[in-house]
Amino acid sequence: MSEGENHSQRPYRVLSLDGGGMRGIYTAAFLDRLLAQQAARSGKAPLDLGLGFDLIVGTSTGAIVAAAAAVGVPMKEVVALYEDYGPKIFPHRIKGKLSAIFRAFTGGYFVRRGDQALRKALANVLEDVTMLDVFEKRGISLAIPAVRMSTHKAWVFKKTPKSGVRDDNYKLTDVCMASSAAPIFRSLAAIDDPGEGGGGKQIFCDGGLWANNPIMVGFTDALANAAPTQPIEIFSLGTCPRPEGEHIPAGKVHRSMLSWALGADVAPLGISAQEFAYDNMARLLANAISDCGRTIRRVRFPNKDVPASMMAYLALDDSREEAMHRLVQQAHTDADMTRSACDDPMNSEGQLIRAMLESLPPLDPARTLRRPAEATA
């Protein structure tokens, strides 16, 4: 955001990105398409998504996209990360009862491989950048949900003007490992404690257990950090969630572990329920606060139903080339629809997104946190 703008005039902008495993490729492809269209229309170079926001919040796979945007990594590279490393991060897909039984006896092997692949992928993109680097050198606040296993309590890796210094020296690679450590699908995350004197390893679990849709985390930190009269705008992006609901005959309700694929089928249900619940809580709270005189606007994009034909490709661990291709296709379709909304002067949400896109500066390598190419070769 421009330093010269008056806080009472310009909005405090928040980008909130959901979790969803391999469906993160949808998020990255959607943003890449939308940014490319805006750059072509404005005649600018590729745009810097991160610099359009005061605060970026992301959970699990959303944390990966959020961290990349905060550093200044083009979304096209994030799409490539999922394409190149997805099959290594999720080398075995749980796709039914027999698959779940097989995984019960061999899962340790697969999650170890996935853990190594994800750390390598993240290090290649995020390098050694810390939370403090993003805040000081890019002026972007970050909030990344996780669960701290030593207490079994929610944890938010956070760097904002009011957050203190606790998380300053955490590397974004470690933060993303922690936020995306989904039970059953991936290993828990053992990351270095960067505190004074060295705190050894800390163990974290996926933030999606409590904030897969992190809009309320972003909402809370926006209220804490925005100027008292500053308008707040929250842009929330999902990960192509599965079509909602299922018909269950009364005689089929007696499900136990195997019927839930030893727990693997619970995660998508939790994601759908959280997405709906938190988005509506944010809507009601924003309306209530706005009625008191504080302008708060939020938009969930895209907000159209997912085609039923996508059902076969929406598993959190589906890293098949066909599935990634279909997710990217759907992202492009949804981005085109969003662009159409932006071009409709009567569409208030479209106009909100359009104003955000028009505020984005060109991507300047000198303003990103990545080492020059020759230094990383």
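Per chain, residue numbering runs from 1 following the sequence as it is written. It should be noted that, the model being predicted, local features are given only for residues of pLDDT at least 70 and side-chain atom pairs only at 80 or more, the latter also being counted only at that level, while totals for whole chains, interfaces and linings use all residues. Processing note: side-chain calculations cover all non-hydrogen atoms of the structure and skip hydrogens and water entirely.

> Would you explain the pattern of salt bridges in this entry?
When the charged atoms of two side chains lie near each other, side chains of opposite charge can form a pair. The salt bridge definition used is simple: a Lys or Arg side-chain nitrogen within 4 Å of an Asp or Glu carboxyl oxygen. Across all of its chains, the model carries 22 salt bridges by this definition. The closest approach of N and O atoms between Lys76 and Asp32, which form a salt bridge, is 3.4 Å. On the criterion of sequence distance, the pair formed by Lys76 in helix H3 (residues 75–89) and Asp32 in helix H1 (residues 24–42) is long-range, its members being 44 residues apart. A 1.4 Å probe rolled over the protein chains alone gives each residue an accessible area, and that area as a share of the maximum for its type sets the label: buried under 20%, exposed over 50%, partly exposed in between. What makes Lys76 exposed here is its relative accessible area of 56%. Taken together, the salt bridges that share partners define one network made up of Asp18, Glu275 and Arg300. Comment: elements are numbered from the N terminus, with helices defined as DSSP H or I runs of at least four residues and strands as E runs of at least two.

> I tried to follow the UniProt feature "active site" (unreviewed entry) in the protein chain on my own but got confused; where do I start?
UniProt positions are given in the numbering used here, feature names are shortened, and annotations may be inferred rather than shown by experiment. The UniProt entry lists Ser60 and Asp206 under the feature "active site" (unreviewed entry), expressed in the numbering used here. These annotated residues cover 147 residues of sequence, and their C-alpha atoms lie no more than 6.2 Å from one another, placing them together at a single site. Among the structural elements, Ser60 can be located in the loop between strand E2 (55–58) and helix H2 (61–71). Ignoring anything within four residues of it in the chain, the contact list for Ser60 reads Gly19, Ser179, Ser180 and Asp206. As for its position among the elements, Asp206 is in strand E6 (residues 201–206). Judged by its relative accessible area of 7%, Asp206 is buried. Contact definition: two residues touch when any of their heavy atoms are within 4.5 Å. Not counting residues up to four positions away in its chain, the partners in contact with Asp206 are Thr59, Ser60, Ala146, Val147, Ala178, Ser179, Ser180, Ala181, Ala182 and Pro183. Side-chain atoms alone can form a polar contact between residues adjacent in sequence; in general such a contact is a pair of N or O atoms within 3.5 Å, and within protein one must be able to donate a hydrogen while the other accepts it. In terms of polar contacts, Asp206 uses its side chain to reach the side chain of Ser60, at 3.1 Å.

> Can you walk me through the UniProt feature "short sequence motif: GXGXXG" (unreviewed entry) in the protein chain in this structure?
Mapped onto this numbering, the UniProt entry annotates "short sequence motif: GXGXXG" (unreviewed entry) at residues 19–24. Each end of residues 19–24 is marked by a C-alpha atom, and these two atoms are 7 Å apart; helix forms 17% of the span and strand 0%.

> Before we go on, may I ask you to explain the nonpolar core in this structure?
If you look at soluble globular proteins, the nonpolar side chains tend to sit buried side by side. Take the buried residues of types Ala, Val, Leu, Ile, Met, Phe, Trp, Tyr and Cys, join any two whose side-chain atoms come within 4.5 Å, and each joined set is a nonpolar core. Core analysis: the largest hydrophobic core is formed by 88 residues, its most contacted members being Met75 and Phe157. Not counting chain neighbours up to four residues away, the residues in contact with Phe157 comprise Met131, Leu142, Ala143, Ile144, Ala146, Arg166, Asp167, Tyr170, Val175, Ala178, Ile191 and Phe204. Among the nonpolar cores identified, the runner-up in size contains 19 residues, and Val217, Ala226, Ile232 and Ala282 belong to it.

> Looking at this structure, how should I read the packing of aromatic side chains?
By convention here, two paired aromatic rings are described through the distance between centres and the angle between planes. Pairing of aromatic rings covers Phe, Tyr and Trp, the last counted by its six-membered ring, and requires centre-to-centre distances within 6.5 Å; plane angles under 30 degrees mean stacked, over 60 mean edge-to-face, and any other angle means tilted. For the coordinates displayed, the defined rule picks out 10 aromatic pairs. For the pair Tyr26 and Phe30, a centre-to-centre distance of 6.2 Å together with 25° between the ring planes defines the contact as stacked. Taken as a pair, Tyr26 and Phe30 lie in helix H1 at a separation of 4 residues, close to a single helical turn. Here Tyr26 and Phe30 have matching classes, each one buried. Look at Phe102 and Phe110: their rings are 6.1 Å apart centre to centre, the planes differ by 55°, and that puts the pair in the tilted class. Classification of Phe102 by relative accessible area gives partly exposed; the value is 40%. A relative accessible area of 11% means that Phe110 is categorised as buried. Taken together, Tyr26, Phe30, Phe53, Phe235 and Phe301 form an aromatic cluster joined through their ring pairs. Each ring is checked for a lysine NZ or an arginine CZ that lies within 6 Å of its centre and within 35 degrees of its normal; such an atom marks a charge sitting over the ring. One cation-aromatic arrangement involves Lys88 over Tyr85; the distance from NZ or CZ to the ring centre is 5.2 Å.

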